[in-house]
Amino acid sequence: MAAYRAEVIIWMLSGTLSIVMMLVWMSQAASAPGGQIQGYAPAEFASYFIATWLVSQLMVVWVAWELDVDIRTGTLSPKLLRPLDPMWVQFMGHVSERLIRIVPMLVIVALMAWASGARFSADPLTWLVGLGLAALGFCCRFLWEYTIGLLAFWTESSTSFQELMWLFYAALGGMFAPLAFYPGWVQAVAVWTPFPYMLGLPAQLLAGKATLAQAGQGALVLLVWLAVLWAVRLTVWRVGLRRYGAVGA
């Protein structure tokens, strides 16, 4: 990952959807009566969306693409000879990438906050809890992306499913707007999914828009989903291996 550090920065700068939405909502709030929308002033929108960008950078996952290639070309075969589930090699590769990403990521956050007037929580415990939620969210996203990659055992390309999941992740996670801005029925559905707790809730914590009690509830939901996704991933892996033919090996 250190050898690809310049590419990592390019990946970071390409994930600008949250920043685009920040500019849109800041403009809308500035022109709204009272200079705010549902309790969000322009600077508060900046805080929320910059925090969303920060959290989303900690949850970048590309394992579905790598698994798709490994399974279809047969390069998975030598990895099966190791006395270790290949999942853990992929997991540690993602974790090591975070270590390369962290410094430029914080520099970019500081520059965006300075330019937009964003303000974040000064409570260390809030940051610790928010980053803990992001870590749980990363584990959930890694597991579902890994499971999607395993669909290459049955399909020509599993990454199409990944694009569909990303839409749910971005929309229900709060990347387009805070979840409270959505229709009531969407919020009622979203609370049963892991998406609001892995992206929007940590961002609201860092922006000072959520409480530690809400974070505790979110952590419980994510832990339940983590157990479910682990069981699903393990089942799909075992069933898929039975039909693996190492075509490209």
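Within each chain, residues carry numbers counting from 1 in the order of the written sequence. Confidence filtering applies because this is a predicted model: local features only for residues at pLDDT of at least 70, side-chain atom pairs given and counted only at 80 or more, and all residues used for totals across whole chains, interfaces and linings. Think of the side-chain values as coming from all heavy atoms in the structure, minus any hydrogens and water.

J.: Any chance you could explain the overall build of the chain here in plain terms?
T.: In this description a helix means any DSSP run of H or I spanning at least four residues, a strand means any run of E spanning at least two, and both kinds are numbered starting from the N terminus. Scanning the chain from terminus to terminus reveals eleven helices and zero strands. Here the radius of gyration uses the C-alpha set of atoms, whereas the globule reference equals 2.2 Å times the residue count to the power 0.38. Taken over C-alpha atoms, the radius of gyration comes to 19 Å for the chain, in line with the 18 Å a tight globule of 249 residues would show. With respect to the three principal axes, the spread of C-alpha positions in the chain is 65 × 40 × 30 Å. Sequence separation of 24 or more characterises 80% of the internal contacts of the chain that already satisfy a separation of 6 or more. Residues scored as charged are limited to Lys and Arg (positive) and Asp and Glu (negative), so that His and the chain ends carry no count. Where a charge sits is defined by one atom per residue type, namely NZ (Lys), CZ (Arg), CG (Asp) or CD (Glu). Side-chain charges of the chain comprise 13 positive and 11 negative groups, with the mean position of each set lying 4 Å from the other. Contact criterion: two residues are considered in contact whenever any of their non-hydrogen atoms come within 4.5 Å of each other.

J.: Whenever I open this one, unusual backbone geometry confuses me. Can you help?
T.: Excluding glycine, residues mostly have negative phi values, and the peptide bonds linking residues are mostly trans. Here Gln38, not a glycine, exhibits a phi torsion of approximately 50°, which is positive. As for its placement among the helices and strands, Gln38 is situated in the loop between helix H2 (17–31) and helix H3 (42–58).

J.: Explain the pattern of salt bridges to me, please; I cannot follow it from the model alone.
T.: A side chain of one charge can pair with a side chain of the opposite charge when the charged atoms of the two come close. When a carboxyl oxygen of Asp or Glu lies within 4 Å of a side-chain nitrogen of Lys or Arg, that pair is called a salt bridge. Inspection of every chain in the model, using the stated rule, returns seven salt bridges. We note a salt bridge from Glu44 to Lys209, for which the minimum N-O separation is 3.3 Å. Here Glu44 is found in helix H3, whereas its partner Lys209 is found in the loop between helix H10 (195–206) and helix H11 (212–242), with 165 residues between them in sequence. Buried, partly exposed and exposed residues are distinguished by accessible area as a fraction of the type maximum, computed with a 1.4 Å probe on protein chains only: under 20%, between the cut-offs, and over 50%, respectively. The class of Lys209 is partly exposed, set by a relative accessible area of 30%. Across the pair Glu97 and Arg101 runs a salt bridge, and its minimum N-O distance is 2.5 Å. Linking Glu97 with Arg101, this pair stays in helix H6 (residues 86–116), spanning four residues, or about one helical turn. Its relative accessible area of 0% is what places Glu97 among the buried residues. Through salt bridges with shared partners, one network takes in Glu97, Arg98 and Arg101.

J.: What is the right way to read the nonpolar core from this model?
T.: Soluble globular proteins tend to pack their nonpolar side chains together in the buried interior. Put simply, a nonpolar core is a bunch of buried Ala, Val, Leu, Ile, Met, Phe, Trp, Tyr and Cys residues held in one set by side-chain atoms that sit within 4.5 Å of each other. Trp25, Phe45, Phe142, Tyr146, Leu150, Tyr169 and Met198 are the most contacted members of the largest nonpolar core, which has 73 residues in total. Not counting residues within four places of it along the chain, the set of residues in contact with Tyr169 comprises Ser56, Met59, Arg141, Trp144, Met175, Phe195, Met198 and Leu199.

J.: Can you help me understand the packing of aromatic side chains in this one?
T.: The geometry of an aromatic ring pair is captured by the separation of the ring centres together with the interplanar angle, meaning the angle of the planes. When two rings of Phe, Tyr or Trp (its six-membered ring) have centres within 6.5 Å they constitute a pair, described as stacked for plane angles under 30 degrees, edge-to-face for angles over 60, and tilted for the intermediate range. Under the counting rule described, the total for this entry stands at 20 aromatic pairs. Judged by centre distance (6.2 Å) and plane angle (45°), the rings of Phe138 and Phe142 are tilted. Of this pair, Phe138 and Phe142 both sit in helix H7 (residues 124–150), four residues apart, which is roughly one turn of the helix. Residue Phe138 shares its accessibility class with Phe142, and that shared class is buried. Put simply, the rings of Trp25, Tyr40, Phe45, Tyr48, Phe49 and Phe181 pair up and form one aromatic cluster. Geometrically, a charge over a ring is one whose NZ (Lys) or CZ (Arg) sits within 6 Å of the ring centre while staying within 35 degrees of the ring normal. The residue whose ring lies beneath Lys209 is Tyr40, and the NZ or CZ to ring-centre distance is 4.5 Å.

J.: Is there a simple way to think about the confidence of the model for the chain in this case?
T.: Atomic detail in the predicted coordinates should be set aside for any region of low pLDDT. For every residue, the pLDDT score states the predictor's confidence, bounded by 0 at the bottom and 100 at the top. Summarising the model, the chain shows a mean pLDDT of 87, and 93% of its residues fall at 70 or more. Looking at the elements of the chain, mean pLDDT is at its lowest for helix H1 (residues 5–14), recorded as 65, and at its highest for H11, recorded as 94.

J.: Explanation requested: helix H8 (residues 159–173) in the structure shown.
T.: An α-helix turns once per 3.6 residues; consequently, residues spaced three or four apart project the same way. Take the residue count of a helix, subtract one, and multiply by 1.5 Å to get its expected span. For H8, built from 15 residues, the straight-helix expectation of 21 Å at 1.5 Å per residue is met to within 8% by its first-to-last C-alpha distance of 20 Å. Where H8 is buried, its residues touch H3, helix H4 (63–73), H7, helix H9 (184–190) and H10. At the exit of H8 stands Gly174, carrying a positive phi of roughly 95°.

J.: So what exactly am I meant to see when it comes to the packing of H7 against H10 here?
T.: For any two helices packed against each other, one specifies the crossing angle of their axes together with the interaxial distance. In contact at an axis separation of 9 Å, H7 and H10 are set at 160° when each is read in the N-to-C sense. The pairing of H7 with H10 is recorded here as roughly antiparallel in orientation. You can see that H7 and H10 cross each other, and the crossing is left-handed. Contacts between H7 and H10 involve Thr126, Trp127, Val129, Gly130, Leu133, Ala134, Gly137, Arg141 and Trp144 on the former and, on the latter, Phe195, Tyr197, Met198, Leu201, Pro202, Leu205 and Leu206. Under the scheme applied, nonpolar residues are Ala, Val, Leu, Ile, Met, Phe, Trp, Tyr, Cys and Pro; charged residues are Asp, Glu, Lys and Arg; polar residues are all the others, including Gly. Its residues assigned to classes, the contact of H7 with H10 shows twelve nonpolar, three polar and one charged. Note on definitions: angles span 0 to 180 degrees between N-to-C directions of axes, and those axes are lines fitted to C-alpha atoms, for helices only across the stretch in contact. Every angle not falling under 35 degrees, over 145, or within 65 to 115 is termed oblique; those three ranges are roughly parallel, roughly antiparallel and roughly perpendicular. Crossing handedness follows the turn of the near helix against the far one: under a right angle anticlockwise gives a left-handed crossing, and clockwise gives a right-handed one.

J.: Before we go on, may I ask you to explain the environment of Val89 in this structure?
T.: For Val89, the position within the fold is in helix H6. Along the chain, Val89 and Ala170 lie 81 residues apart, while their C-alpha atoms are 27 Å from each other. Excluding anything up to four places from it in sequence, Val89 contacts Arg82 and Leu84.

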